[in-house]
Amino acid sequence: MIKAEWFFWLVGAVFLVMAAQMLRDRTNPKRVGSAAFWGLIGAGFVYSSWVVEKRAPAEPLGVAVLTMAALAGFGFTGRGEVRTTSTEERVRSAARLGNRLFIPALTIPVVAMVCAVGVKELSIGGEPILQKGSETILGLGIGAVVALGVGMVLLRERRLSTPVHAGRSMLEAMGWAMLLPQLLATLGSIFSVAGVGTEVGELTTKALPEDSRYLAVIAYCVGMALFTMIMGNAFAAFPVMTAAIGWPVLVEQMNGDPAAVLAIGMLAGFCGTLATPMAANFNIVPAALLELKDQYGPIKAQLPTAAVLLGCNIVIMALVAF
Amino acid sequence: MIVLLGVLVVVIGFATRRNPLLVVGVAGIVTGLLGGLSPREVLAAFGNGFASSRAVTIFAITLPVIGLLERHGLQEQARTLIGRFAKLTTGRFLALYLALRQVTAALGLVSVGGPAQTVRPLVAPMAEGAAERRHGPLPDKAREKIRSFSASADNVGLFFGEDVFLAVGSILLITGFVNTTYQTHLEPLHLALWAIPTAVCALAVHGWRLLRLDRQLEQEFGRGATAPGRDATEAAA
């Protein structure tokens, strides 16, 4: 059986190899800090396996996570020069390869889909080939590995270090933003452990009249959007609002279909992401990249759409979830 | 009520533009301690949170392939492919990009687009070019508007396309959180199916607004650009 943890080790190993490359990259003025940041992520990925199985304490990993946040937060990470091809080389290569270039890129989703839908049902000697419940994660991993193989054959690339260097450059370009979704998810889980969800839930149930399904749906969807605007990320708002209203009221009390309630609730949160400067990587960074005078330009373009879609989500959830 | 102070930390942190990682770290520590956790338990919460949310970061495994393909001109080829639609108006072009972005995100190709990869080098210049062909030189306000809508097409397409794909972060986050917290078993496939109605609404709503952009540009800025020409013909007559 192929286990999900093996794949997490592979991702951790890739981070560790990239960290080693960063340490040796003298074009990066902050190479030690960068290597430490990505090295800790890589080591954390591997160590997490034992934390998940409760065979190792979680506290050292917590120290590592806060160290990563400090390393990136106080500006100890940086990026080196990108080793890549010139524009002319790329234009010539694109002209020669044409649309074949899209084949490896499309391999990833195709393999992921095949694993999630097809291979999932297969088993050898009574044991499923892919670990149960992790078929999609494994599909993505297998897809990426297969695509890398296909790409290297197609492009006649012999050295594995070339794609690893290319991937590392993209990682360095993303920098701390890469860790933010995972940290925001962590914050969301701390909020739920500390009882923020229960507090918000008590406040809303006090305000909500009994057995009012539609008001509860509105409260969950609008709450997701508002909380996402505050937290800057639907991932962080989701555990809190779901613990407050989504699960106890909509799923347990009113027998809503959990898949529909939670999927549409997350999308209601995305309406909030469109409308907040705190979702910096989607709204403020593009404004800077596009050299806009008004840094809220993208948000202004998105606001009417976000408002209408929030209404759509409320209507869809009320129609299909019960 | 006092644990809600953690939410306040996040709001103040972002309002004063601190680094988001620091804000989130401090907010987590404050909330945990106020919620009655010991310092050890707070550290354990960070550790457990990182361990159980690893799925959000696994897309990094695709970076070497994408990086390799970009070295060999993936972006240039994408440009050539999209270049065949160069005769479209600004609104139609952006609506088409919205649809393309949504479909590719739904296939899991979330990093094919993005503000740095496609919007700045590709989408915004093409959208501006289309407007210039129609209205002549653009005033700065029109340029800002077109660029803002280019960024919006990318965001809307990504957000409401990606959840239709199974292995995307938010779907994995939902199943991860719910399956561990409430001891149930949700299938990513079911969640992805319920994302389809909203995806259709997003395409209709934002697509319609992008198509209307042509008329708006005409009304707000078109006259300014065509007026000198009209004056010239009147003067000649």
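Residues numbered from 1 in each chain as written. Chains lettered and ligands numbered in written order. Predicted model: local features only at pLDDT ≥ 70, side-chain atom pairs only at ≥ 80, totals over all residues. Heavy atoms only, no water.

By the naming in an unreviewed UniProt entry, chain B goes by DUF969 domain-containing protein and is assigned to Streptomyces pactum.

An unreviewed UniProt entry lists chain A under the name DUF979 domain-containing protein, from Streptomyces pactum.

Check the secondary structure of chain A and you find 14 helices and two strands. Along the first, second and third principal axes, the C-alpha atoms of chain A reach 65 × 65 × 45 Å. Counting over 322 residues, chain A shows a buried share of 56%. Across chain A, every contact between residues at least 6 apart in sequence was considered, and the portion connecting residues at least 24 apart equals 70%. Total accessible area on chain A is roughly 13700 Å²; 64% of this is exposed by carbon and sulfur atoms. (Helix = DSSP H or I, 4+ residues; strand = E, 2+ residues; numbered from the N terminus. Buried < 20%, exposed > 50% of the residue type's maximum accessible area, 1.4 Å probe, protein only. Contact = heavy atoms within 4.5 Å. Areas by Shrake-Rupley, 256 points an atom, 1.4 Å probe, with all protein chains shown as cover.)

Turning to the pattern of salt bridges, a few remarks are in order. All names here are of chain A. All told, the structure shown has 11 salt bridges over all chains when counted by the stated rule. For Asp25, the salt bridge is made with Arg168, and the minimal N-O distance between the two is 3.3 Å. Here Asp25, found in the loop between α1 (4-23) and α2 (31-52), pairs with Arg168, found in helix α7 (residues 161-174); they are 143 residues apart in sequence, far enough to count as distant. The class of Arg168 is buried, set by a relative accessible area of 3%. (Salt bridge = Lys/Arg side-chain N within 4 Å of Asp/Glu carboxyl O.)

On to the packing of helix α8 (residues 180-194) of chain A against helix α3 (residues 39-52) of chain B. Two numbers describe how α8(A) lies on α3(B): the axes approach to 8 Å, and their chain directions differ by 125°. On the basis of their axis angle, the class for α8(A) and α3(B) is oblique. Crossing of α8(A) over α3(B) shows right-handed handedness. For the pair α8(A) and α3(B), contact is made by A:Gln182, A:Leu183, A:Thr186, A:Ser189 and A:Ile190 and by B:Ala45, B:Phe46, B:Gly49 and B:Phe50, respectively. (Axes fitted to C-alpha atoms, helices over the stretch in contact; angles between N-to-C directions. Parallel < 35°, antiparallel > 145°, perpendicular 65-115°, else oblique. Left-handed = near helix turned anticlockwise from the far one by under 90°.)

Once that is clear, we can look at the nonpolar core. Within the largest apolar cluster, 166 residues are counted, with the highest numbers of intra-cluster contacts made by A:Tyr220, A:Phe238, A:Leu262 and B:Phe160. A total of 13 residues in this core trace back to one element, the largest contributor, which is helix α11 (residues 234-253) of chain A. Here A:Phe238 is in contact with A:Tyr220, A:Met224, A:Leu262, A:Met266, B:Leu173, B:Ile174, B:Phe177 and B:Val178, once residues within four sequence places are set aside. (Core = buried A, V, L, I, M, F, W, Y, C linked by side-chain atoms within 4.5 Å.)

Residue and element names in this part refer to chain A. Phi at Lys54 takes a positive value of approximately 60°, unusual for a residue other than glycine. With respect to the helices, strands and loops of the structure, Lys54 is situated in the loop between α2 and α3 (59-73). Despite not being glycine, Arg156 shows a phi value in the positive range, around 55°. Residue placement: Arg156 occurs in the loop between α6 (135-154) and α7. Classification of Arg156 by relative accessible area gives exposed; the value is 72%.

The next point concerns the interface of chain B and chain A. Listed per partner, the contact involves 106 residues of chain B and 139 residues of chain A. Counting each side, the surface lost to burial between chain B and chain A is near 10800 Å², with a carbon and sulfur contribution of 78%. By the criterion of area lost to chain A, the three top residues of chain B are B:Leu21, B:Phe50 and B:Arg54, representing 8% of everything that side buries. Viewed at the interface, chain A and chain B are joined by three salt bridges. A salt bridge links B:Arg54 to A:Glu5, with the nearest nitrogen and oxygen atoms 3.1 Å apart. Summed over the shared surface of chain B and chain A, the number is 17 residue pairs in polar contact (both at pLDDT 80 or more). (Buried area = accessible area lost by both parts, 1.4 Å probe. Polar contact = N/O pair within 3.5 Å; in protein donor to acceptor, adjacent residues only side chain to side chain.)

Evaluated as defined, the whole model comprises 13 aromatic pairs over all chains. Judged by centre distance (5.6 Å) and plane angle (50°), the rings of A:Phe270 and B:Phe159 are tilted. In this pair, A:Phe270 is assigned in helix α12 (residues 258-273) and B:Phe159 in helix α8 (residues 140-162), connecting two distinct chains. By relative accessible area, which is 4% here, B:Phe159 ends up buried. A centroid spacing of 6.4 Å and a plane angle of 70° characterise the contact between A:Phe270 and B:Phe160, whose relative ring orientation is edge-to-face. Placement of A:Phe270 in helix α12 and of B:Phe160 in helix α8 is noted, with the two residues assigned to different chains. Among the residues examined, A:Phe270 registers a relative accessible area of 5% and is labelled buried. Classification of B:Phe160 as buried rests on a relative accessible area of 1%. These aromatic residues form a ring-pair network of at least three members: A:Phe7, A:Phe8, A:Phe15, A:Phe37, A:Trp38, A:Phe45 and B:Phe50. For the cation-ring pair, B:Arg54 lies above A:Phe8, with the distance from its terminal atom to the ring centre recorded as 4.0 Å. (Phe/Tyr/Trp six-rings, centres within 6.5 Å; stacked < 30°, edge-to-face > 60°. Lys NZ or Arg CZ within 6 Å of the ring centre and 35° of its normal.)

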